[in-house]
Amino acid sequence: MGKIKKIGVLTSGGDSPGMNAAIRAVVRAGIFNGLEVYGIRHGYKGLVNNHIKRLKSYSVSNIIQRGGTILKTARCKDFLTKEGRKQAYNNIKENELDAIIVIGGDGTFTGATVFAKEYNIPIIGLPGTIDNDLYGTDFTIGYDTALNTVIEAVDKIRDTASAHNRLFFVEVMGRDAGFIALRSAISCGAEAVLIPEIETHAEDLLDYLEDGFTRKKSSGIIIVAEGDQSGGAFEIAKKIEKDFINYDVRVTILGHIQRGGSPTAFDRVTASTLGVAAVKALLGGEKNIMVGLQNNSVAYVPLEKAIKHHKTIKKSLLDLVKVLNI
Ligand code: ATP
């Protein structure tokens, strides 16, 4: 691989607040270092279909504060096929791109790893997902904003729960991981949290709630990750409601509100730091790595490691929820 002169950037998979700040950082850091930067639209779909356009510094003006992604994102079936990836590589050659930076989650990095094994193109991954489920980085871009969105919503639900003496099951995003659920449960002072990583026993939860009720807890919030093994908030609420008549039970599914909104300061700084670091990594000859944050410093992690290793939840955080709800 010769000197890097032209790079492409794309956002892929589920969108997350702060993706725009990351695009801006990549574009500006690239131009700062004398590179030409190209935006690839709709994730891998844009690579396959050749939707690739030069971005200038002004192309990314006024986007740091916006959720979503100006490059759009998509899930691309064609990229799962050899022919699709060949087409993508042909377009990379046609546009004379020397490297690409992909912003996304687990699936995006899996695609990047497969592609990098087939074709000699340096790829750098930036962790862009609200789920915070990527190994090798303490935080992903968008996680903090999603958490703050959950907190704002649950604080409001808490008001009405308390006014009516109700028990609310609030479902948050997290099909495979309970990071959003766990941290938001602590932040909202939830009575309990149910996450995919730990099997939920309705009987235990019932005992716990009854115990709280006898200690005069007149209302409550249970945060449920959508991937919890009990089947989500509606399912567990049904089981509890049947056997526990002390509370008036309600369910709220927060849904896609968690993906949108203006990124928090933390996500903007993370996205800016990692975007600049990704360009620096490419110029330093790095390839096929994720640029993440570890102990508040930039860290390089092989993409393969980021997707193969499982990020575990902190058991100590679960204990916090219990201790703080006596
Ligand atoms: P999120 O964590 O928000 O869901 P993600 O990056 O995990 O984001 P996915 O939809 O899983 O989102 O993956 C994004 C895209 O990556 C897929 O649509 C597909 O084009 C590509 N991809 C995923 N897995 C593979 C694979 N095994 N081979 C090739 N491409 C893949």
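Parameters and conventions
Residues numbered from 1 in each chain as written. Predicted model: local features only at pLDDT ≥ 70, side-chain atom pairs only at ≥ 80, totals over all residues. Heavy atoms only, no water. Pairing = 2+ DSSP bridges. Helix = DSSP H or I, 4+ residues; strand = E, 2+ residues; numbered from the N terminus. Axes fitted to C-alpha atoms, helices over the stretch in contact; angles between N-to-C directions. Contact = heavy atoms within 4.5 Å. Salt bridge = Lys/Arg side-chain N within 4 Å of Asp/Glu carboxyl O. Domains from an automatic or database assignment. Buried area = accessible area lost by both parts, 1.4 Å probe. Polar contact = N/O pair within 3.5 Å; in protein donor to acceptor, adjacent residues only side chain to side chain. Nonpolar A, V, L, I, M, F, W, Y, C, P; charged D, E, K, R; others polar. Expected span 1.5 Å × (residues − 1). Buried < 20%, exposed > 50% of the residue type's maximum accessible area, 1.4 Å probe, protein only. Phe/Tyr/Trp six-rings, centres within 6.5 Å; stacked < 30°, edge-to-face > 60°. Lys NZ or Arg CZ within 6 Å of the ring centre and 35° of its normal.

Spatial strand order, 7-8-6-9: four strands in an open sheet with parallel pairing. Edge positions in the sheet fall to strand 7 (192–194) and strand 9 (248–253), since each of these pairs with one other strand and no more. Ignoring which end each strand starts from, the neighbouring axes of this sheet average 20° apart. With six bridges joining them, strand 6 (residues 166–172) and strand 9 adopt parallel strand pairing. Within strand 9, the position partnered with Val170 by the bridge is Thr252.

Within a sheet, neighbouring strands are paired by backbone hydrogen bonds and run either parallel or antiparallel to one another. Strand order in this open sheet of seven strands is 3-2-1-4-5-10-11, and the pairing throughout is mixed. Edge positions in the sheet fall to strand 3 (52–55) and strand 11 (297–302), since each has one partner strand and no second. Averaged over all adjacent pairs, the angle separating strand axes in this sheet is 30°, with direction ignored. In terms of strand pairing, strand 1 (residues 6–11) meets strand 2 (residues 36–40) through four bridges, oriented parallel. Considered in strand 2, the bridge of Gly8 is made with Tyr38.

Mapped onto the elements of the fold, Ser219 is located in the loop between helix 7 (202–214) and strand 8 (220–225). Discounting chain neighbours no more than four positions away, the residues touching Ser219 are Ala161, Ser162, Asn165, Arg166, Glu191 and Tyr247.

For Leu293, the position within the fold is in strand 10 (residues 289–294). The spacing of Leu293 and Gly275 is 18 residues in sequence and 12 Å in space, taken between C-alpha atoms. Setting aside anything within four residues of it in sequence, one finds Leu293 in contact with Gly136, Thr137, Asp138, Phe139, Thr270, Leu274 and Val298.

Below, the discussion takes up the pattern of salt bridges. According to the stated counting rule, one finds 13 salt bridges in the structure shown. The partner of Lys117 in a salt bridge is Glu304, with the nearest N and O atoms 2.6 Å apart. With Lys117 in helix 4 (residues 106–118) and Glu304 in helix 10 (residues 303–308), the pair connects residues that are 187 residues apart, well separated along the chain. Connected through shared salt-bridge partners, Lys82, Arg85 and Glu118 make up one network.

Next up on the list: the domain arrangement of the chain. Considered domain by domain, the chain is made up of domain 1 (6–142 + 263–308) and domain 2 (144–259). On a C-alpha basis, the centres of domain 1 and domain 2 stand 34 Å from each other. Each partner contributes to the interface: domain 1 provides 14 residues, whereas domain 2 provides 12 residues. With both sides pooled, the region where domain 1 packs onto domain 2 buries about 1,100 Å², and carbon together with sulfur makes up 55% of that total. When the buried surface of domain 1 facing domain 2 is broken down by residue, Ile130, Asp131 and Thr264 rank first, second and third, together holding 42% of it. Where domain 1 meets domain 2, there are zero salt bridges. For the pair domain 1 and domain 2, the number of links is eight residue pairs in polar contact (both at pLDDT 80 or more). Looking at side-chain class alone, the side of domain 1 that touches domain 2 contains five nonpolar, five polar and four charged residues.

Take helix 9 (residues 265–283) next. The end-to-end C-alpha distance of helix 9, which contains 19 residues, comes to 27 Å, matching closely the 27 Å that a straight helix rising 1.5 Å per residue would cover. Buried within helix 9 we find Asp267, Thr270, Ala271, Leu274, Gly275, Ala277, Ala278, Val279, Ala281 and Leu282. Phi turns positive one or two residues past the end of helix 9, at Gly285, with a value near 90°.

Our next topic: the packing of aromatic side chains. This model, assessed by the stated rule, comprises six aromatic pairs. Here Phe79 and Phe115 contribute two aromatic rings whose centre-to-centre distance is 5.2 Å and whose plane-to-plane angle is 50°, an arrangement assigned as tilted. In this pair, Phe79 is assigned in the loop between strand 3 and helix 3 (82–94) and Phe115 in helix 4, connecting sequence segments 36 residues apart. Per residue, the accessibility class of Phe79 equals that of Phe115, and both read buried. Both rings, one in Phe139 and one in Tyr143, keep their centres 6.4 Å apart while their planes meet at 25°; by these two values the pair is stacked. Residue Phe139 is classed as partly exposed on the basis of its relative accessible area of 24%. Three or more aromatic residues joined by ring pairs make a cluster, and in this case those are Tyr44, Phe79, Tyr89, Phe115 and Tyr119. The ring of Phe179 has Lys311 lying over it, and the distance from NZ or CZ to the ring centre is 5.4 Å.

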